[in-house]
Amino acid sequence: MDTNYGMEIVRATEIAALTAAREQGLGDYREILNHARAAIAKTLNRLRIDGFVVNDRFQNRDDLFPMPATLGQGGPTMDLMAIALEAHHSAANGGNNATSYAVIAPRGVIQSVPNLNMYKIVVGPQVGNVIDINQPPIINVKRVARALRKYTENVTVCILNQARHKQLIKEIRECGARIKLIEEGELSGCLSAITGEKTDLYLGYGYAPEGALVAAAISCLGGYFEGKIFYENDRDREQAEEHGISDFEKIFRPQDLVRSKEVAIAATGVTDGEFLEGVRFTSNGAVTSSFIARAETKTYRKLETRHFFDYKPVF
Ligand SMILES: O=P(O)(O)OC[C@H]1O[C@](O)(COP(=O)(O)O)[C@@H](O)[C@@H]1O
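Residues numbered from 1 in each chain as written. Predicted model: local features only at pLDDT ≥ 70, side-chain atom pairs only at ≥ 80, totals over all residues. Heavy atoms only, no water.

- The name recorded for the protein chain in an unreviewed UniProt entry is Fructose-1,6-bisphosphatase, from Desulfofustis glycolicus DSM 9705.
- Listed in UniProt under the heading Catalytic activity (unreviewed entry), the comment for the protein chain reads: "beta-D-fructose 1,6-bisphosphate + H2O = beta-D-fructose 6-phosphate + phosphate". (UniProt positions renumbered as here; feature names shortened; annotations may be inferred.)

### Brief notes about the pairing of strand S1 (residues 50–53)
In step 1: With burial as the criterion, only one face of S1 is covered, namely that bearing Gly51 and Val53; the residues Asp50 and Phe52 on the opposite face remain uncovered.
In step 2: In terms of strand pairing, S1 meets strand S3 (residues 77–86) through four bridges, oriented parallel. In the strand pairing of S3, Phe52 is matched with Asp79.
In step 3: Bridge count between S1 and strand S2 (residues 70–71): two bridges; the pairing is antiparallel. Bridging from a neighbouring strand, Gly51 pairs with Leu71 of S2. (Buried < 20%, exposed > 50% of the residue type's maximum accessible area, 1.4 Å probe, protein only. Helix = DSSP H or I, 4+ residues; strand = E, 2+ residues; numbered from the N terminus. Pairing = 2+ DSSP bridges.)

### Focus: the domain arrangement of the protein chain
In step 1: Per the domain assignment, the segments making up the protein chain are domain 1 (6–109 + 262–311) and domain 2 (117–257).
In step 2: The straight-line distance from the C-alpha centre of domain 1 to that of domain 2 is 23 Å.
In step 3: In this assembly, 28 residues from domain 1 lie in contact with 25 residues from domain 2.
In step 4: Here domain 1 packs against domain 2, burying approximately 2,200 Å² in sum over the two surfaces, 63% of which is carbon and sulfur.
In step 5: On the domain 1 side of the interface with domain 2, the three residues burying the most area are Arg57, Glu274 and Phe275, jointly 30% of the side's total.
In step 6: Counting across the interface, domain 1 meets domain 2 through three salt bridges.
In step 7: Where Lys180 meets Glu274, a salt bridge forms, and the shortest distance between an N and an O atom there is 3.6 Å.
In step 8: Across the contact surface, domain 1 and domain 2 share ten residue pairs in polar contact (both at pLDDT 80 or more).
In step 9: Those elements that provide at least two residues to the side of domain 1 that touches domain 2 are S3, helix H3 (88–93), strand S4 (99–106), strand S11 (264–269), strand S13 (285–294) and strand S14 (300–308).
In step 10: Residues of the side of domain 1 that touches domain 2, tallied by class, amount to 14 nonpolar, eight polar and six charged. (Domains from an automatic or database assignment. Contact = heavy atoms within 4.5 Å. Buried area = accessible area lost by both parts, 1.4 Å probe. Salt bridge = Lys/Arg side-chain N within 4 Å of Asp/Glu carboxyl O. Polar contact = N/O pair within 3.5 Å; in protein donor to acceptor, adjacent residues only side chain to side chain. Nonpolar A, V, L, I, M, F, W, Y, C, P; charged D, E, K, R; others polar.)

### Some thoughts on the site of the ligand
In step 1: In the vicinity of the ligand, 14 residues are found, and the nearest of them are Arg57, Glu86, His88, Gly185 and Glu186.
In step 2: Between the ligand and Arg57, the relevant distance is 2.8 Å, taken from an oxygen atom to a side-chain nitrogen or oxygen of the residue.
In step 3: In this structure, Ala87 approaches the ligand through a main-chain N or O atom, which is 2.9 Å from an oxygen atom.
In step 4: Notes on the ligand: free accessible area 480 Å², of which the protein chains cover 84%.
In step 5: Counting only elements with at least two residues in the shell around the ligand, the list comes to S3 and strand S8 (201–207).
In step 6: Among the residues forming the shell around the ligand, the class breakdown is five nonpolar, four polar and five charged.
In step 7: Both domains that meet at the shell around the ligand, namely domain 1 (6–109 + 262–311) and domain 2 (117–257), each give it at least three residues. (Near = heavy atom within 4 Å. Areas by Shrake-Rupley, 256 points an atom, 1.4 Å probe, with all protein chains shown as cover.)

What follows is the structure in structure tokens.
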């Protein structure tokens, strides 16, 4: 991409995060999600692109803000992925890991995926490609330990605290690795594993569209991921076929979901998370914590942005 869109899309995640943070803990998860979605759409719509929104997990929900299928003021044809507010229940309850994300790439680069469950295993570049989704969790933990030259007991595995992960958690406990349980916001856990900041490995079920975002993050930051979509019935398989997926045993790797090095990602914390801090309001504005990265140069910026509401009348 000739233009570095990172600064453009981070403005959108910042606005979505500021909007959501205003409603943090108020208990209304639809309102907070709708306002964040409207805010990110409005800001992304200012870009000088012909942007096609892909992998919007809520696109068929008629109780939520309808994200337009296309965004932008005209220009190069691009794919846009906007997760205005991941972990929206958490944000509404005043919990952790709520984050706003955006990805941009030339049109056709981001694989469209069905809104189905995907089992994911995610590591950072320091681990390399040693993991294998078909191996039991304990084998993967041991491979990560060996790659990082750590004792198994010092490897930290991040897992969503969900009933479906009971067996997984049991197996990790048995092998002696440390566990970081998060209530919501798998992307926050995945980014923490990719950057190796707080965890060494992310494991578990989440959604397939989130897998595409993880792939974009890995294209930009390095690391490795394998994901497998979980099909419960023929309807699920038909849904996948509508996205051009006919191999139902397919293991998705980063290059399957983001098919070029021309991709940029941005994220801003709404509430404190595994990877970014949440919005802090000040007497006359707010401070946001974000990151921007792009695959071509691998430049990775962490931003602390000070917003002054006197000059941002919308707040
Ligand atoms: O546990 P569930 O309901 O299957 O949902 C898992 C999903 O929930 C999340 O924790 C939060 O999802 P939302 O973005 O919908 O708030 C995701 O990170 C994860 O993919």
